[in-house]
Amino acid sequence: MVYRVGNMKKLLLLSFICFSLLPLSAYAEGYSPSDTGYIYTNTVIPLATSKENNDVKNTIPVSKKMKSGESKSINVFGLVEWGDASVNKAVANGQLTKISHVDSKIERLFVPMGILPVYFKILRTTVYGE
Amino acid sequence: MKKFLIIAAFMGFLLAQTTQMAQARGLFYTNTEYPVSATGVSVKDLKNMKKGESSSLNILGVVEYGDAGIQTAAVSKGIKKIYFVDMHEKAIFIFYRKLTTKVYGE
């Protein structure tokens, strides 16, 4: 009996460690290497700038009021991920015809509660242009 | 106890590994600047470029917050035309990490 209880404890500890490592796994990490807040992340990182700026005649001036489009994907418990966070979708959502630059926004929450951890992540791609 | 310490050390190592974004990864100390993107705009005056900055902060690898986007950096200094974007990263083991996006332009 004592042996079994000890076994159970070991199992619980092991599962706790496994689930604690969940957000570090490649599956939960996604493509973004900056998604590093173990418990809470709310950050924006740069992705790319477009050559559209190059065209002197048709330069898109960067400003606060410039047009933007957004697309997002959602990950729940590191097990299921759905949505379309592509540039293509963001451009369609914002009805843009020219792209100036692209930012990526990551929101993530992880609460390591034993064998029932809470994990939630939203990845947003914002495309700025006109 | 020995096993536990080994596991703890392994976890700490993994945590530290994930806290770096740059290609150059210093496990204990990182202070580097690397390119993100360039638009291909011809630079008229290299010495008098405008420089906009935005940054995000990571504490203990546990919490990360802040806006290090291109949009925030560009708008902060009123940059209308972007030349190129650099990223500055400063990290001290797992305790502290700061990402600064630097947008150069006019």
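All values derive from a computational prediction rather than experimental measurement.

### So, the overall build of chain B
Here is step 1 of the chain: Summing up its helical and strand segments, chain B has two helices and five strands in all.
Here is step 2 of the chain: The N-to-C order of helical and strand elements in chain B reads α-β-β-β-α-β-β.
Here is step 3 of the chain: Relative to its full complement of 106 residues, chain B shows a buried share of 42%.
Here is step 4 of the chain: Across chain B, contacts joining residues at least 24 apart in sequence account for 65% of those joining residues at least 6 apart.
Here is step 5 of the chain: When the accessible surface of chain B is split by element, carbon and sulfur atoms take 64% of a total near 5700 Å².

### What to know about the interface of chain B and chain A
Here is step 1 of the chain: Listed per partner, the contact involves 39 residues of chain B and 35 residues of chain A.
Here is step 2 of the chain: When chain B packs against chain A, the two sides together hide about 2900 Å² of surface, and 64% of this comes from carbon and sulfur.
Here is step 3 of the chain: The tally of links between chain B and chain A comes to 14 residue pairs in polar contact (both at pLDDT 80 or more).
Here is step 4 of the chain: Secondary structure elements with two or more residues in the side of chain B that touches chain A: α1 (2-18), β1 (29-38), β2 (50-59), β3 (63-67), α2 (70-76), β4 (82-92) and β5 (96-105) of chain B.
Here is step 5 of the chain: The residue makeup of the side of chain B that touches chain A, split by class, is 20 nonpolar, 14 polar and five charged.
Here is step 6 of the chain: In terms of strand pairing, strand β1 (residues 40-49) of chain A meets β3 of chain B through five bridges, oriented parallel. Within β3 of chain B, the position partnered with Asn-42 of chain A by the bridge is Tyr-65 of chain B.

### Let's talk about the side chain of Ser-50 of chain A
Here is step 1 of the chain: Here Ser-50 of chain A lies in the loop between β1 and β2 (67-76).
Here is step 2 of the chain: Overall, the relative accessible area of 16% leaves Ser-50 of chain A in the buried class.
Here is step 3 of the chain: Within the structure, the side chain of Ser-50 of chain A is placed 2.9 Å from the backbone oxygen of Ile-99 of chain A, a separation counted as a polar contact.
Here is step 4 of the chain: Residues in contact with Ser-50 of chain A, not counting those within four places in the same chain, are Ile-99 and Ser-100 of chain A together with Thr-39 of chain B.

### Looking at the pattern of salt bridges
Here is step 1 of the chain: Counting across every chain of the model gives seven salt bridges over all chains.
Here is step 2 of the chain: A salt bridge links Lys-102 of chain B to Glu-33 of chain B, with the nearest nitrogen and oxygen atoms 3.4 Å apart. Within this pair, whereas Lys-102 of chain B is found in strand β5, its partner Glu-33 of chain B is found in strand β1, the two being separated by 69 residues in sequence.
Here is step 3 of the chain: Assessed through its relative accessible area of 37%, Glu-33 of chain B is described here as partly exposed.
Here is step 4 of the chain: Residues participating in the shared-partner salt-bridge network are Glu-70, Glu-107 and Arg-124 of chain A.

### Let's talk about the confidence of the model for chain A
Here is step 1 of the chain: Of all residues in chain A, 76% have pLDDT values of 70 or greater, and the mean over the chain is 78.
Here is step 2 of the chain: Within chain A, helix α2 (residues 26-29) of chain A has the poorest average pLDDT of any element, 51, and helix α3 (residues 87-94) of chain A the best, 91.

### Quick look at unusual backbone geometry
Here is step 1 of the chain: With a phi close to 50 degrees, Gln-95 of chain A is a non-glycine residue in the positive phi region.
Here is step 2 of the chain: With respect to the helices and strands, the residue Gln-95 of chain A is situated in the loop between α3 and β4 (99-111).

The rules behind the values
- Residues numbered from 1 in each chain as written.
- Chains lettered and ligands numbered in written order.
- Predicted model: local features only at pLDDT ≥ 70, side-chain atom pairs only at ≥ 80, totals over all residues.
- Heavy atoms only, no water.
- Helix = DSSP H or I, 4+ residues; strand = E, 2+ residues; numbered from the N terminus.
- Buried < 20%, exposed > 50% of the residue type's maximum accessible area, 1.4 Å probe, protein only.
- Contact = heavy atoms within 4.5 Å.
- Areas by Shrake-Rupley, 256 points an atom, 1.4 Å probe, with all protein chains shown as cover.
- Buried area = accessible area lost by both parts, 1.4 Å probe.
- Polar contact = N/O pair within 3.5 Å; in protein donor to acceptor, adjacent residues only side chain to side chain.
- Nonpolar A, V, L, I, M, F, W, Y, C, P; charged D, E, K, R; others polar.
- Pairing = 2+ DSSP bridges.
- Salt bridge = Lys/Arg side-chain N within 4 Å of Asp/Glu carboxyl O.
- pLDDT = per-residue confidence, 0-100.

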